[in-house]
Amino acid sequence: MAIDSSDKAAALAARLPGLPMVGDALELYATDVFYQAPHKPIAVFRPASEDDVQRLVREAAASGVGLYSRGGGLSYSAGYLPARPDCALVDLSGLDRILELNVQDRYVTVEAGVTWSALRDALRPHGLTTPFWGTFSGRNATVGASVSQGAKFFGSASRGTSAESVLGLRVVTGTGELIQTGSAADANSTPFFRNYGPDLTGLFLGDCGAFGIKTAVTLQLIPMARGEAFVSFSFDDPAAQMGAMAQIGAELLASECLGMDPFSAQSRMQSEGLLADLKTVGQIVRGASSLSSGLRDATLIALHGRRFARKVGYLMNTIVEGSDQREAERRARRVRAIARAAGGREIPASIPRVMRAVPFPPMSGLLTPSGKRMAWLHTVVPNSRGGECFTRTEAVFQRDAEALKALGISHGYLLSTHGPSGVGVETLIRWSDAPLPIHLHFMSEAQRAALKPRADNPAAREKLKELTRTILGEWRQMGGVHMQIGRKYPYMETRQPAVRELLGQLKAQFDPAGIMSPQNLFTHDP
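Residues numbered from 1 in each chain as written. Predicted model: local features only at pLDDT ≥ 70, side-chain atom pairs only at ≥ 80, totals over all residues. Heavy atoms only, no water.

Student: Looking at this model, I keep getting lost on empty space enclosed by the protein. Mind explaining?
Tutor: Here the structure, examined in full by the defined rule, presents two cavities of 30 Å³ or more. Of the voids in this model, the largest cavity is the one considered here, and its volume is about 50 Å³. Around the largest cavity, the lining residues are F34, A375, W376, L377, I429, L464, T468 and K488. Per-element tally for the lining of the largest cavity: the top contributor is strand β16 (residues 373-382), with three residues. Taken together, the residues of the lining of the largest cavity break down into six nonpolar, one polar and one charged. (1 Å grid on protein atoms, 1.4 Å probe; cavity = no way out; pocket = protein on both sides within 12 Å on 5 of 7 lines; lining within 4 Å. Points joined across faces, edges and corners; volume = space filled by probe spheres on them. Helix = DSSP H or I, 4+ residues; strand = E, 2+ residues; numbered from the N terminus. Nonpolar A, V, L, I, M, F, W, Y, C, P; charged D, E, K, R; others polar.)

Student: Sorry if this is basic, but what is going on with the pairing of strand β12 (residues 227-235) here?
Tutor: Moving residue by residue along a regular strand, the side chains alternate between the two faces of the sheet. Most of β12 is tucked away: eight of the nine residues are buried. Where β12 and strand β14 (residues 314-322) come together, nine bridges link them in antiparallel fashion. By the bridge assignment for β14, F230 is matched with I319. Sheet analysis places β12 next to strand β15 (residues 345-347), joined by three bridges and oriented antiparallel. Across the sheet, residue S234 finds its bridge partner in β15, namely R345. (Buried < 20%, exposed > 50% of the residue type's maximum accessible area, 1.4 Å probe, protein only. Pairing = 2+ DSSP bridges.)

Student: Honestly, the pairing of strand β8 (residues 166-172) in this entry has me stumped. Any pointers?
Tutor: The element β8 is extensively covered by neighbouring structure, given that six of its seven residues are classed as buried. Sheet topology note: the β8/strand β10 (residues 213-220) ladder contains six bridges and is antiparallel. Note on β10: the bridge partner recorded for V171 is K214. Looking at chain direction, β8 and strand β9 (residues 178-180) are connected through three bridges and run antiparallel. When the bridges of β9 are listed, R170 appears paired with Q180. In textbook terms, the turn of a hairpin is the stretch between consecutive antiparallel strands, and for β8 and β9 this stretch comprises five residues, one of which, G176, has a positive phi near 90°.

Student: How do you make sense of the side chain of T417 when you look at a structure like this?
Tutor: Relative to the helices and strands, T417 is located in strand β17 (residues 410-418). Polar contacts involving the side chain of T417 include one to the main-chain carbonyl oxygen of M245, which spans 3.3 Å. Apart from residues lying up to four places away in sequence, T417 is in contact with S156, A157, M245, G249, C257 and G422. (Polar contact = N/O pair within 3.5 Å; in protein donor to acceptor, adjacent residues only side chain to side chain. Contact = heavy atoms within 4.5 Å.)

Student: When you look at the nonpolar core in this model, what are you seeing that I'm missing?
Tutor: Burial of nonpolar side chains together is a common tendency in soluble globular proteins. Counting residues in each nonpolar core, the largest one holds 116 residues, and the members touching the most others are L119 and M316. Broken down by element, this core gets its largest block of residues, six residues, from helix α17 (residues 458-477). Residues within four places of M316 in sequence aside, it is in contact with V231, S232, F233, F235, Q241, M245, I248, C257, L258, G259, V335 and A339. Ranked by size, the runner-up nonpolar core spans 22 residues in total, among them V57, A88, V90 and M516. (Core = buried A, V, L, I, M, F, W, Y, C linked by side-chain atoms within 4.5 Å.)

Student: How do you make sense of the packing of helix α7 (residues 238-250) against helix α11 (residues 325-341) when you look at a structure like this?
Tutor: The description of two helices packed together rests on the angle between their axes and the distance between the axes. Put simply, α7 and α11 touch, their axes get as near as 9 Å, and they point 150° apart. Looking at the two axes, α7 sits roughly antiparallel to α11. In this structure, the crossing between α7 and α11 has a hand that is right-handed. Along its contact with α7, which presents A244, Q247 and I248, the element α11 presents R334, V335, I338 and A339. (Axes fitted to C-alpha atoms, helices over the stretch in contact; angles between N-to-C directions. Parallel < 35°, antiparallel > 145°, perpendicular 65-115°, else oblique. Left-handed = near helix turned anticlockwise from the far one by under 90°.)

Student: For this particular structure, what's the right way to read the sheet that holds β16?
Tutor: Backbone hydrogen bonds are what pair the strands of a sheet, in a parallel or an antiparallel way. With respect to topology, seven strands assemble into an open sheet ordered β15-β12-β14-β13-β17-β18-β16, the strand pairing being antiparallel. Where the open sheet ends on each side, the last strands, each with one partner, are β15 and β16. Pairs of neighbouring strands in the sheet enclose a mean axial angle of 25°, with direction left out of account. In terms of strand pairing, strand β13 (residues 256-260) meets β17 through three bridges, oriented antiparallel. Bridging across to β17, M260 finds its partner in L414. Running at roughly 10° to β12, α11 makes contact with β12, β14 and β15 of the sheet.

Student: Got a minute to help me understand the sheet that holds strand β1 (residues 21-22) in this structure?
Tutor: Across the sheet, four strands lie side by side as β1-β2-β4-β3; this open sheet has mixed pairing. Each edge of the open sheet carries a strand with a single partner, namely β1 and β3 (66-70). Across five bridges, β3 lies against strand β4 (residues 87-91) in parallel orientation. What sits directly across from L67, in β4, is A88.

Student: Just to check I follow, could you spell out the packing of α7 against helix α13 (residues 386-399) for this structure?
Tutor: Axis separation between α7 and α13 bottoms out at 8 Å; the angle between their running directions is 150°. With respect to α13, the element α7 is oriented roughly antiparallel. Relative to α13, the crossing made by α7 is right-handed. The segment α7 lies against α13, with P238, A239 and M242 engaging G386, G387, F390 and T391.

Student: Before we go on, may I ask you to explain α7 in this structure?
Tutor: An α-helix turns once every 3.6 residues. As a result, residues three or four positions apart point the same way. With 13 residues, α7 ought to run about 18 Å at 1.5 Å a step, and its terminal C-alpha atoms sit 18 Å apart, in line with that. Of all the positions in α7, only P238, Q241, M242, A244, M245, A246, I248 and G249 are classed as buried. The opening residue of α7, the one whose side-chain oxygen lies 3.0 Å from the backbone nitrogen of A239, is D237. Trailing α7 by a residue or two, L252 shows a phi angle of about 50°, which is positive. (Expected span 1.5 Å × (residues − 1).)

Student: Help me understand the packing of aromatic side chains in this model?
Tutor: Geometrically, a pair of aromatic rings is defined through the distance of the ring centres and the angle of the planes. On inspection of all chains with the given rule, the structure shows 18 aromatic pairs. Ring geometry for F204 against F211: centres 6.5 Å apart, planes inclined by 90°, an arrangement best described as edge-to-face. Both residues of the pair, F204 and F211, count as buried. Where F211 meets F510, the ring centres are 5.7 Å apart and the plane angle is 55°; that geometry is what we call tilted. Within this pair, whereas F211 is found in the loop between α6 (200-204) and β10, its partner F510 is found in helix α18 (residues 497-510), the two being separated by 299 residues in sequence. Among the residues examined, F211 registers a relative accessible area of 2% and is labelled buried. Sitting over the ring of Y80, R70 keeps its end group 5.0 Å from the ring centre. For the cation-ring pair, R120 lies above W133, with the distance from its terminal atom to the ring centre recorded as 3.5 Å. (Phe/Tyr/Trp six-rings, centres within 6.5 Å; stacked < 30°, edge-to-face > 60°. Lys NZ or Arg CZ within 6 Å of the ring centre and 35° of its normal.)

Student: Help me out: how do you make sense of unusual backbone geometry in this one?
Tutor: Most peptide bonds are trans, and most residues other than glycine sit at a negative phi. Going from G419 to P420, the amide bond is cis rather than trans, its omega being 0°. Within the fold, P420 resides in the loop between β17 and β18 (422-431). For C208, which is not glycine, the phi torsion reads 55° and is therefore positive. Turning to its location among the elements, C208 is positioned in the loop between α6 and β10.

Structural data, given as structure tokens:
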């Protein structure tokens, strides 16, 4: 006779004294920002130490319980949602200590549950940062989840994704064994260097938890910029804008370079509200390198505010850094020259100023200001194919425009620079649908009360799945790559046969019982 899931969870918990477990009210953990899990987790375990993780993995392997690790829970590719029965989540938010901050040797080791916001605050007094320093969701998003899933944004325009900042990892594999990668694998060394022999660190980056649970991450440290400049341009031709963004990345001119369609730009400004504007002005003044520059930036925000967003086309928002203000301004002049040559028109740089003043806003905006659901889909392509990628993606929407309109589905774009070789296209799809528990989780009671009720809309979701398959097919033809693979993006099926065989062998080696994030990386189900 089959054992009830609650009984399995209780039996596993009984063998793990002292390890906190949640066994009811699991609806929140059965959704991410887009998907609902085909199987609700049987429990959520909350380890407080690396030893807790090892104990949990060993007992789970013995009892056949699958484990999915979860950070802030803000992914959208089903990376922590159980794909089969009898799986539990491992909430790593309790592993939230900064283990070592080595200013002289320029590295920091953190537990997997440390958020990017907390790390930024810890490094700021030392004038240091990691090359990649977080996502927009960094108030909740954790370092461990970001390197496991793969992440981009702050620093990505010139310094790459989350993976490029990693020097070493501590990983608990599916057998409960602990692996240390990088130079610290030598008991006589420290985690100051990544490559000594084969790059074992790289095996566990972007694996979506399929090879093991990361318990600690060592990141490179570099000096924080002492100079900043902000540049925004409006483009009538988004394909030309992609060319400008590619050139900015190729010359490593910017720390961040983000494009938006007109509607998304307006929504970003309008969703904050006047009160948030006033708070932002205060944060800009407090966060600036000098009082005079802070007052100057705050005055520009107050003067231009969000009014400009109603009068522009596609936006390119750029943050330029330098070792001093003179270098930042020199780089900004080159950014302006590139943008003008591509047909851009300079506008007030309100959005990048707010982005830098408040990099990690509250995650209460997972729905549109009118309460619609949102879904994201992204790819990164070579610089030379950025304009083509945008054009082919937009053509998919235009071919299906009548059916999408009938279902109330609209779309926009977030465009990004991944210097020096790539640019990103991310679709932002909006539709009316009932919110998921995670959408409501980050809202205040007042926000939830003000939310417009929306009915369940399975027809729109089915259309979104069809649309996703079509867009992914276009991107695949262009050789696009993805982060946050989870089970949303095609990985295994795009690998050469020898590579697929090697990945299968690695999975069998690290996870012989098949309990680590079952089907992640190896199954594509958009």
